[in-house]
Structures are given as C-alpha cells and as structure tokens.
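Given next are the chains, with one letter for each unit.
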Amino acid sequence: SLVAAWAALPNPITSPMQLEMTSLYGPQSDSLPLSLGPKNGASQVNTITIRPALGVDSIVHAANLQAGVSLLALDGADHVVLDGRPGGQGIAGVWTLRAISVDNNTLALINGAQHNVIQYLRIQNAGTAFTSRGLLLGTSPNDASGNSFNLVQYCIFQGARTPINNNGSLGNPNRKNVIRANEI
C-alpha cells in the first residue's frame, strides 16, 4: 500500500526517493483516507516522488468519507512531488483523486506542508457543501511558516464548491504558493 511504502522510507532520507504505483497496485489496498506525515532528511535535493509507474494507464483513489476529512493529506510533509504522469513522463496524468461525499476535501496540505509539487493530477470532488474543496491549503497552528512555497501545476480540477482554498491563519499565514496552468 502507499501508506506502508511511505512508512518504509528510510529515516532520515539521504537521497531522492521514488514510490511508483505499478499495474499490480490497487488503491483498494490502502486504507482511506491517506495521510502522509513529515520525513526527516527530505529536502530540495532529497525529494520524495509518488507517481504511477511507466505503462500504468489509470490509478483512481476514490472514497466517500466522513465530513471534513481529506482523501489525501500531506500532513506536515515537505519536499513531496505528487506526479500523475506514468514514470514522470509526458503531459498526460493518469492518477485521479476523487472525493465522493458532499463536504470533504480531496487533497489537503496541512500543518506546515512546504516545498511540495502537485502536478498532472485529476482532482475531483462531488461536494456541494461550503466545506467541500478540491485542494485545501489549510491552517498550520504549530508551524509559523504555514503551508508555504508549494507549487500546483497542470492539474485538472473537477467539481467541488471551492476547487482551491487557501486558508492559512493570521499568526501562521500560508505564503508564496504558486498555482499555475491548471484547468479549473
């Protein structure tokens, strides 16, 4: 499972890491929601990339979760690359994140998630409630830097009352996030 692979990463991270979902991977093997926390040693050089393997034509994580829960959360995780392209090649993403319930988030960056890259994902949300978001850049009560310096590019956002929401907080604002070249 993706969560088990995340847990098996070395501590500390001393080189770039790649977690690839092969054609044998089934999202049903993961217990949803997915929450990926911080990894010691992750850096601009020692990134952690999660993507479909070359040759995979579709990965779909979908769930009907309780209110306010995110399907996938980078919970304080830094220097993570979520790339929907098989093998990180080409311009077509095949990884879909789909939240089915009416009032939750599909993808959330929370609690000081920084320097992450979200690209070539299909982010879907069936929600109609004010609290349904495709992407939530949430609050960071214990990290003064907020959820900052993240890049979201080349994604397709579908549904959700609010496709992208940047919350932050007065004391710990989210800063310098770049959202570009997405289809919303």
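Refer to the structure printed above.
All values reported here derive from a predicted model rather than from experimental measurement.

Asks: I would appreciate a short explanation of the pattern of salt bridges in the present structure.
Replies: Pairing between side chains becomes possible if they bear opposite charge and their charged atoms approach one another. Evaluated as defined, the whole model comprises two salt bridges. Between Glu20 and Arg51 there is a salt bridge; the shortest N-O distance is 2.7 Å. Placement of the pair is Glu20 in strand β1 (residues 17-21) and Arg51 in strand β3 (residues 48-52), with a sequence separation of 31 residues. On the basis of relative accessible area, Glu20 is assigned to the partly exposed category, the value being 36%. With a closest N to O distance of 2.8 Å, Asp83 and Arg85 form a salt bridge. Arg85 carries the same exposure label as Asp83, and that label is buried.

Asks: Before we go on, may I ask you to explain the pairing of strand β4 (residues 59-63) in this structure?
Replies: The two faces of the sheet receive side chains in turn, since in a regular strand these alternate between them. Residues Ile59, His61 and Ala63 point to one face of β4 and are all buried, whereas Val60 and Ala62, pointing to the other face, are not buried. Note: β4 against strand β7 (residues 95-99), five bridges, orientation parallel. Of the residues in β7, the one forming a bridge with Ile59 is Trp95.

Asks: For this particular structure, what's the right way to read the pairing of β7?
Replies: The element β7 is extensively covered by neighbouring structure, given that four of its five residues are classed as buried. As judged from the five bridges shared by β7 and strand β10 (residues 121-125), these two strands associate in the parallel manner. Paired with Leu97 across the strands is Ile123, a residue of β10.

Asks: Whenever I open this one, the side chain of Arg85 confuses me. Can you help?
Replies: Summarising the element assignment, Arg85 is placed in the loop between β6 (80-83) and β7. Note on Arg85: relative accessible area 12%, which makes it buried. Engagement of the side chain of Arg85 in a polar contact is seen with the backbone oxygen of Gly90, the distance being 3.0 Å. For Arg85, the residues in contact, after removing those within four places along its chain, are Arg51, Pro52, Gly90, Ile91, Ala92, Gly93, Gln119 and Tyr120.

Asks: Explanation requested: the sheet that holds strand β13 (residues 156-159) in the structure shown.
Replies: Backbone hydrogen bonds are what pair the strands of a sheet, in a parallel or an antiparallel way. Read from one edge to the other, the open sheet built from four strands follows the order β4-β7-β10-β13, with strand pairing classed as parallel. Looking at the sheet topology across the chains shown, the edges are occupied by β4 and β13. Strand after strand, the sheet turns through a mean of 10° between neighbouring axes, direction not considered. Where β10 meets β13, four bridges bridge the pair, whose relative direction is parallel. Residue Ile123 lies in a different strand from β13, and its bridge partner there is Phe157.

Asks: Before we go on, may I ask you to explain the packing of aromatic side chains in this structure?
Replies: Each pair of aromatic rings is reported with the distance of its centres and the angle of its planes. This model, assessed by the stated rule, comprises one aromatic pair. Summarising the aromatic geometry, the rings of Tyr120 and Tyr154 are spaced 5.0 Å apart at their centres and angled 25° between planes, so their arrangement reads as stacked. Highlighted residues: Tyr120 in the loop between β9 (117-119) and β10 and Tyr154 in the loop between β12 (151-153) and β13, separated in sequence by 34 residues. On the accessibility criterion, Tyr120 (12% relative accessible area) is buried. Looking at Tyr154, the relative accessible area reads 36%, which means it is partly exposed.

Asks: Teacher, can you tell me more about unusual backbone geometry here?
Replies: Of note, the bond from Asn11 into Pro12 is cis; its omega dihedral lies within 30 degrees of zero at 10°. Considering the arrangement of structural elements, one finds Pro12 in the loop between α1 (2-7) and β1. The residue His79 is not glycine, and still its phi comes out positive at about 60°. Judged by its relative accessible area of 15%, His79 falls in the buried class. Although it is not a glycine, Asn111 adopts a positive phi angle of roughly 55°.

Criteria and cut-off values
- Residues numbered from 1 in each chain as written.
- Predicted model: local features only at pLDDT ≥ 70, side-chain atom pairs only at ≥ 80, totals over all residues.
- Heavy atoms only, no water.
- Salt bridge = Lys/Arg side-chain N within 4 Å of Asp/Glu carboxyl O.
- Helix = DSSP H or I, 4+ residues; strand = E, 2+ residues; numbered from the N terminus.
- Buried < 20%, exposed > 50% of the residue type's maximum accessible area, 1.4 Å probe, protein only.
- Pairing = 2+ DSSP bridges.
- Polar contact = N/O pair within 3.5 Å; in protein donor to acceptor, adjacent residues only side chain to side chain.
- Contact = heavy atoms within 4.5 Å.
- Axes fitted to C-alpha atoms, helices over the stretch in contact; angles between N-to-C directions.
- Phe/Tyr/Trp six-rings, centres within 6.5 Å; stacked < 30°, edge-to-face > 60°.

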